[in-house]
Amino acid sequence: MSLVFKAEKLGKWYGNVLGLSDVTIEIGPGITGLLGPNGAGKSTFMKLLTGQLRPSIGSITADGQPVWNNTSLFRRVGFCPEQDAFFEDTTGREFLAGLLALSGMGEKEVEERAGRALAFVELLDAQDRLIRGYSRGMRQRLKIAQAIAHEPEVLILDEPLNGLDPLSKRKVIRLIKDYRTEGRTVVVSSHVLPEIEALTRTIVLIHQGKILAQGDIPYIRDLIDAHPHVVAVRLDEPRRLGALLVRDPSVQSVAYGPEEGLVTFETRQRDRFFGLLPKAVAESGLDLREITSPDDNLQAVFDYLVGK
Amino acid sequence: MAGGVFRVLSFTGRLVRRARRTKVFAFLCLLPVILALIVRAKALASPGRGLDGLAIFGNIIVAFGLQFLILILALFFGTSVVSEEVEGKTLTYWTTRPVPKPAVVLGKYAAFVAVLLVLVLASTAVAFLILNLDRLDYGPAWSFLGKSLAALSLGVVCYTAFFTLVGTVLKKSVLFGFFFSFGWENIVQYFPGSTQKFTVMHYLKSLLPGVGETSPNVLQFLMFRLDPSPAWAAVLTLLVLTAVFLALACWLFGRKEYLFDEG
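From a predicted model like this one, the values you see are computed outputs, not experimental measurements.

Criteria and thresholds
- Residues numbered from 1 in each chain as written.
- Chains lettered and ligands numbered in written order.
- Predicted model: local features only at pLDDT ≥ 70, side-chain atom pairs only at ≥ 80, totals over all residues.
- Heavy atoms only, no water.
- Phe/Tyr/Trp six-rings, centres within 6.5 Å; stacked < 30°, edge-to-face > 60°.
- Helix = DSSP H or I, 4+ residues; strand = E, 2+ residues; numbered from the N terminus.
- Buried < 20%, exposed > 50% of the residue type's maximum accessible area, 1.4 Å probe, protein only.
- Contact = heavy atoms within 4.5 Å.
- Buried area = accessible area lost by both parts, 1.4 Å probe.
- Salt bridge = Lys/Arg side-chain N within 4 Å of Asp/Glu carboxyl O.
- Polar contact = N/O pair within 3.5 Å; in protein donor to acceptor, adjacent residues only side chain to side chain.
- Nonpolar A, V, L, I, M, F, W, Y, C, P; charged D, E, K, R; others polar.
- Pairing = 2+ DSSP bridges.
- Axes fitted to C-alpha atoms, helices over the stretch in contact; angles between N-to-C directions.
- pLDDT = per-residue confidence, 0-100.
- Patch = residues over 30% accessible without salt bridge, like charges linked within 9 Å, V, L, I, M, F, W, Y side chains within 5 Å.
- Areas by Shrake-Rupley, 256 points an atom, 1.4 Å probe, with all protein chains shown as cover.

### Some words on the packing of aromatic side chains
Then, in step 1: The tally for this structure, following the rule as stated, stands at 26 aromatic pairs over all chains.
Then, in step 2: Where F95(A) meets Y93(B), the ring centres are 5.2 Å apart and the plane angle is 90 degrees; that geometry is what we call edge-to-face. Remark: Y93(B) occurs in helix α5 (residues 91–95) and F95(A) occurs in helix α2 (residues 92–102); the pair is interchain, linking two chains.
Then, in step 3: Owing to a relative accessible area of 1%, Y93(B) belongs among the buried residues under this scheme.
Then, in step 4: Judged by centre distance (5.2 Å) and plane angle (70 degrees), the rings of F57(B) and F128(B) are edge-to-face. Of this pair, F57(B) sits in helix α4 (residues 53–87) while F128(B) sits in helix α6 (residues 101–131); the two residues are 71 residues apart in sequence, bridging distant segments of the chain.

Right under this line is the structure:
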């Protein structure tokens, strides 16, 4: 069973500057995405998770044990830091082997695991080159390799897709998704919404040091009472569908266009509306082409929550 | 803990051997050898004039080895135990491994000291041989070499421990280290009375009381106002200081949070 992290009323101050405030959260197996703009407190939270920072207030534990200065936990946790920093005069393999040896593994095991990690991130061809000659994408993958090389139960990745080209991003996303298997825990942060969307549906929204919301995207969306769901339906007779549904209490408004054949509903009762819509279409014999929920994505949720 | 120290030492040893900085400082350590070669070549070119190789070697040890070389080496390597990792943002790789934090400090310190000792002692021994080729059967010369190597070794051990502590505490540790090395250590050691005992250099020079006998004119000036402590007291003091510096560095490193500059 993978470690379960619990933060209770966790807060971190840097002098007078707030890093994180009143965070209570439990993180277990699966991929959890931390989302928030730069300076929101994501890195602070990750550093608290990995025992690099000490809570100013509250507590953070892993399976009930405090994380700060608990070096025995680090056998079970892999951390990929945000900063692009390496021991530049070593080769990729030396870098990995050296860090693995710090965990107390024998030479043979170090070699095997370093080889496996390099293969996993597709860096075997470049393993004997100095890191200072690596491209940005290779460096990012090497950082991930050092985090997974000792095969930890928990993988914590701070902005792992930062600065990568689309191809490298796709590779890293695939690597992270592959690693989630076998009940492992992955915590990944990003300030770019589509990146998190590509990785997970379980998100924690952080802004100005506070958790604004947590859960899967529809759940978070449901929390936002002040902002109704938008459902766009494309069909041959949009006005007829609008007329059929406008009287239902779940429908707050109906709008047509701007494209031909498009009707947009606003609803505060998502579940009721989605029960009603297919029934109405089927009973009236309308030619339905597409149903989308344009604001059911992280960008919309995030904008609502931060009050944009 | 001991296993952790050894693992850190081993990895740091590999890193430091590869580092460009090590190559630069290895060249600096060659300067006594280069100087000795120049002096020897000059003596060969003027066969009539005698060469007091031991006196010149004494000058090199005191004026260059003790008062400059080991200070510079200890400053740059000692502070890098922690502060270079913070500046380079690589500290994370050490502090997220299953290694106790004191083991990180001690392992890195031990690796740096080992490298510095090899560089300093090898160059000193070679310089000695070059300058004393014609007096290799002179017993006191070997005794002086032994004392010189001991003083340099203890200097490396103690100063590196001090700068490790400084690097653990201060962000601008190198700047402070320069003031300490070439301000405090190189000036206060000449103060009369007990004040000079507040420098590490006083105890190092106390290990070389025979230097003045070899060449009174030059070395009396260099040992100006030195009121040496007994050798055993000097060694004990240096070892105690080293232990205290390292203990403090480990204690602080285990409790301090290190933040990286953004950007």
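Here the narrative resumes, following the displayed structure.
### With respect to the interface of chain B and chain A
Then, in step 1: Contacts between the two partners involve 28 residues from chain B, matched on the other side by 33 residues from chain A.
Then, in step 2: With both chains or domains summed, chain B and chain A bury close to 2900 Å², and 58% of this area falls on carbon and sulfur atoms.
Then, in step 3: Counting every contact that joins chain B to chain A gives two salt bridges.
Then, in step 4: Applying the counting rule to chain B against chain A returns twelve residue pairs in polar contact (both at pLDDT 80 or more).
Then, in step 5: Of all the elements in the fold, those that place two or more residues in the side of chain B that touches chain A are α1 (2–18), α5 and α12 (231–255) of chain B.
Then, in step 6: No other element matches α1(B), which puts six residues into the side of chain B that touches chain A.
Then, in step 7: A per-class count over the side of chain B that touches chain A returns eleven nonpolar, six polar and eleven charged.

### What to know about the sheet that holds strand β13 (residues 262–267) of chain A
Residues and elements named next belong to chain A.
Then, in step 1: If you walk across this open sheet you meet the four strands as β12-β13-β11-β14, and the pairing is antiparallel. Each end of this open sheet is capped by a strand with a single partner; those strands are β12 (251–256) and β14 (288–292). On average, each strand axis in the sheet is inclined to that of its neighbour by 20 degrees, with strand direction left out of account.
Then, in step 2: Taken together, the six bridges between strand β11 (residues 229–235) and β13 define a ladder with antiparallel strand orientation. Looking at β13, one finds that V231 is bridged to F265.
Then, in step 3: Across the face of the sheet, helix α9 (residues 270–284) comes into contact with β11, β12, β13 and β14 while running at roughly 10 degrees to β11.

### Regarding the side chain of S103(A)
Then, in step 1: Note on placement: S103(A) falls in the loop between α2 and α3 (107–120).
Then, in step 2: Once residues within four sequence positions are removed from consideration, S103(A) is found in contact with R75(A), R7(B) and P98(B).

### Remarks on the confidence of the model for chain B
Then, in step 1: When pLDDT is averaged along chain B, the result is 87; 91% of the residues meet or exceed 70.
Then, in step 2: Predicted complex metrics record ipTM = 0.80 and pTM = 0.82.

### Quick word on unusual backbone geometry
Residue and element names in this part refer to chain A.
Then, in step 1: The omega torsion of the bond from G257 to P258 falls at 5 degrees, within 30 degrees of zero and hence cis.
Then, in step 2: The topology assignment puts P258 in the loop between β12 and β13.
Then, in step 3: Positive phi, normally seen in glycine, also occurs at D63, with a value near 50 degrees.
Then, in step 4: Considering the arrangement of structural elements, one finds D63 in the loop between β4 (57–62) and β5 (65–66).
Then, in step 5: The phi torsion at N69 lies on the positive side, around 60 degrees, for a residue other than glycine.
Then, in step 6: Looking at the element boundaries, N69 is found in the loop between β5 and β6 (77–80).
Then, in step 7: Exposure remark for N69: the relative accessible area of 33% places this residue in the partly exposed category.

### Details of the pairing of strand β3 (residues 30–35) of chain A
All names here are of chain A.
Then, in step 1: Taken across its six residues, β3 has six buried, putting it largely inside the fold.
Then, in step 2: The alternating pattern of β3 places G30, T32 and L34 and I31, G33 and L35 on opposite faces, both of which are buried.
Then, in step 3: The pairing of β3 with strand β8 (residues 185–190) spans six bridges and is classified as parallel. Bridged to L34 within β8 is S189.
Then, in step 4: Two elements, β3 and strand β9 (residues 202–207), share three bridges in a ladder whose sense is parallel. If you follow L35 over to β9, its bridge partner there is L205.

### Some points on the pattern of salt bridges
Then, in step 1: Summed over all chains, the structure comprises 22 salt bridges over all chains.
Then, in step 2: One network of salt bridges, in which partners are shared, links D63(A), R76(A) and E153(A).

### Comments concerning a nonpolar patch on the surface
Residue and element names in this part refer to chain B.
Then, in step 1: Residues F27, L30, L31, I34 and I38 make up a contiguous nonpolar surface patch of roughly 440 Å² in combined accessible area.
Then, in step 2: In terms of residues, the nonpolar patch owes the most to one element, helix α3 (residues 31–45), which gives three residues.
Then, in step 3: Note on placement: F27 falls in helix α2 (residues 20–29).
Then, in step 4: Taking the relative accessible area as the measure of exposure, F27 reaches 52% and is therefore exposed.

### Some thoughts on the sheet that holds strand β7 (residues 154–157) of chain A
All names here are of chain A.
Then, in step 1: Ordered by their spatial adjacency, six strands build an open sheet running β6-β7-β8-β3-β9-β10, and the pairing between neighbours is mixed. Of all the strands in the sheet, just β6 and β10 (210–216) have a single pairing partner and so form its edges. Neighbour-to-neighbour, the strand axes of this sheet turn through a mean angle of 15 degrees, independent of strand direction.
Then, in step 2: Here four bridges tie β7 to β8, and the two strands are oriented parallel to one another. Residue pairing across strands places I156 opposite V187, the latter belonging to β8.

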